[in-house]
Amino acid sequence: MFKATSRTAPPPQAYANAGSRVGGRRRSSDGGHRNLKYPYRLNFYTSPPALDITLEEFETFAIARLKVLTAIHSLQERSLPAAQLRELISTQIKSHLPLSSNTARNIDVDEERRADEIGHWILRLAFCRSPDLREKFVRTELELFKQRFDSDDQYERSQFLRSLNFDWTIVDETEKRMYEKQLKACMPWGAQRDNQFASESWVKVPWYNVPDLVGPRRVFVKGGNAYVPQSHQISLVLQAFRANLERALELTAKSLPRMDEDDRLMPILGHLAQSFLSNVSIESNFFGDADDDPNSAKVTADMVDALAVKHFPACQYNLWNRLKRDHHLKHFARLQFGLFLKALGLPLEEALVYWRRGFSQLTDDKFNKEYKYNIRHSYGQEGKRTNYPAKSCQQILTSNQPGPQDSHGCPYRHFAPETLQTFLSQHYSIGTGSLEMREIMDQVKKQHYHLACTRVFEITHLKDVKKGEGLGDGVSVSHPNEYFNKSWGYERGVVKPKTELMSDDMQTD
Ligand code: SF4
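Predicted model only: the values in this text are computed from it and were never measured.

Side note on empty space enclosed by the protein
Regions of empty space are outlined by a rolling probe, equal in size to a water molecule, passed over the atoms.
For step 1, the next point in the chain: A full pass over the atoms with the stated rule returns four cavities of 30 Å³ or more.
For step 2, the next point in the chain: By volume, the largest cavity amounts to about 110 Å³.
For step 3, the next point in the chain: Lining the largest cavity, in full, are Pro313, Cys315, Cys393, Ile396, Leu397, Cys410, Tyr412, Tyr449, His450, Cys453, Val477 and Pro480.
For step 4, the next point in the chain: Elements with a contribution of two residues or more to the lining of the largest cavity: α17 (393-398) and α21 (449-460).

Structure (structure tokens):
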């Protein structure tokens, strides 16, 4: 997690005034309707914001956007039905990056739009530095823009499009009648009746601007121009959004060396980039401060075995299993498992009892001399008295790679495929030849380890979650303690399945 300070960060344009202007969007009043600094909900992010922001805002806005982009990427990889995909993405957008229309009451729409714009520019700085990051950033930003475009108020959307001053030629009535037969031939079946033709309007653009419409013959092409009906204008807008962003990212990358000496921002940007590349959402910190969590319950050494069987994700189940089998765990395994147990609510006294039992083949003297200090240290009771957080999926997946004799790490990443299948079949009762196992192994093959883990969560919690819902609202696993909390929360009734929440809402209404 970042250490935020209240120092002021330079505005993003200090580093990245690299982006071409599409259209001439100016921030001004929206014509007297409301005196807004940001007149449109939609944004092409053509010029960097000229404002001062604090480092706290810098992190907050960037993390909120990163959560949405990572969720979009994870959901797109899950082969979900289009309607479910749209709904889950829209839920993520609403919870982390809401943008209201101009007519919204009691909402500071300018503040929402400011946060949205700053978040975009920060991630642009973070993700411009490699082709992989750029490609992923453009793809997810495009989806975010599309969702917002589709859900925008019709009037506001047309005002926004007009403000972009696109280089489109409007097809006038004479030309429309001249090519009536050809234009109708490209209309969807059933939409070709005269009244629909009469109310439709077309614009002319160079055909190479809309290859996705030209390929499947959804537009009439003549003299190098494609005739695009209003209903397909989203293609044009997305094409322009993509081209603008790709160009701007390359230019930003070139001006990036100027930032390398900024020791306040570079660590934050580096962390954001690493998180985005590892496909795992930025983690929450789990310190094991049980008193801060209203849903937490005290865990005792006697409870660990039963909890492991029902609620541990694969990485921690494996460590629990290895400790039982070998009566020992090596350093990194003890660290990974010990901090996980601390964060799930096992107090220090109970942890000492649990580990003493686990290391049953050691003498008291050896245990006290070699292991007790480390356990107390991880609880912040020795040495520098630091309260260490439990390890996130990103840390487990990317740091301290396990060797052949080690047991720490993530089974989805670090087990051989056959070993992983046997492990999942023995401990999570997932049939080796089943469709579910194939889905899991497909994600492993694509190196989407957290999605494989998320699918296992769904399969083992069929009563509470549907495929695609993950840990709730489409969120995928990013921390072993999140997995555990959700799983145990369902059993204790402190986390409610979506269907129950919906019926509760209906009763209240
Ligand atoms: Fe553990 Fe995360 Fe791997 Fe799941 S994806 S097994 S929670 S490290």
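Looking at the UniProt feature "binding site: [4Fe-4S] cluster" (unreviewed entry) in the chain
For step 1, the next point in the chain: According to UniProt, the feature "binding site: [4Fe-4S] cluster" (unreviewed entry) maps to Cys315, Cys393, Cys410 and Cys453 in the numbering used here. For the residues just named, distributed over 139 residues, the greatest C-alpha separation is only 10.3 Å, placing them together at one site. Of the annotated set, the members that line the largest cavity are Cys315, Cys393, Cys410 and Cys453.
For step 2, the next point in the chain: By the secondary structure assignment, Cys315 is in helix α13 (residues 314-326).
For step 3, the next point in the chain: The class for Cys315 is buried, based on a relative accessible area of 11%.
For step 4, the next point in the chain: With residues up to four places along the chain from it excluded, the contact list for Cys315 reads Gln336, Gly409, Cys410, Pro411 and Pro480.
For step 5, the next point in the chain: Every residue in contact with Cys410, bar those within four places of it in the chain, is listed here: Cys315, Ile396, Leu397, Phe415 and Tyr449.

Topic: the sheet that holds strand β5 (residues 220-222)
Hydrogen bonds along the backbone pair up the strands of a sheet, which may run parallel or antiparallel.
For step 1, the next point in the chain: If you walk across this open sheet you meet the four strands as β3-β4-β6-β5, and the pairing is antiparallel. The sheet is open, and its two borders are formed by β3 (169-170) and β5, each paired with just one other strand.
For step 2, the next point in the chain: As paired elements, β3 and strand β4 (residues 202-206) share two bridges and run antiparallel to each other. Considered in β4, the bridge of Ile170 is made with Val203.

Digging into the nonpolar core
General note: in soluble globular proteins, nonpolar side chains tend to be found buried as a group.
For step 1, the next point in the chain: In terms of nonpolar packing, the biggest core is built from 59 residues, with Phe44, Phe127, Phe145, Leu269 and Leu272 touching the most fellow members.
For step 2, the next point in the chain: Listing elements by their share of this core, those giving two or more residues are α1 (55-76), α2 (82-96), α3 (109-127), α4 (131-151), α5 (154-163), α10 (233-255) and α11 (266-277).
For step 3, the next point in the chain: Per-element tally for this core: the top contributor is α1, with eleven residues.

Cut-offs applied
- Residues numbered from 1 in each chain as written.
- Predicted model: local features only at pLDDT ≥ 70, side-chain atom pairs only at ≥ 80, totals over all residues.
- Heavy atoms only, no water.
- 1 Å grid on protein atoms, 1.4 Å probe; cavity = no way out; pocket = protein on both sides within 12 Å on 5 of 7 lines; lining within 4 Å.
- Points joined across faces, edges and corners; volume = space filled by probe spheres on them.
- Helix = DSSP H or I, 4+ residues; strand = E, 2+ residues; numbered from the N terminus.
- UniProt positions renumbered as here; feature names shortened; annotations may be inferred.
- Buried < 20%, exposed > 50% of the residue type's maximum accessible area, 1.4 Å probe, protein only.
- Contact = heavy atoms within 4.5 Å.
- Pairing = 2+ DSSP bridges.
- Core = buried A, V, L, I, M, F, W, Y, C linked by side-chain atoms within 4.5 Å.

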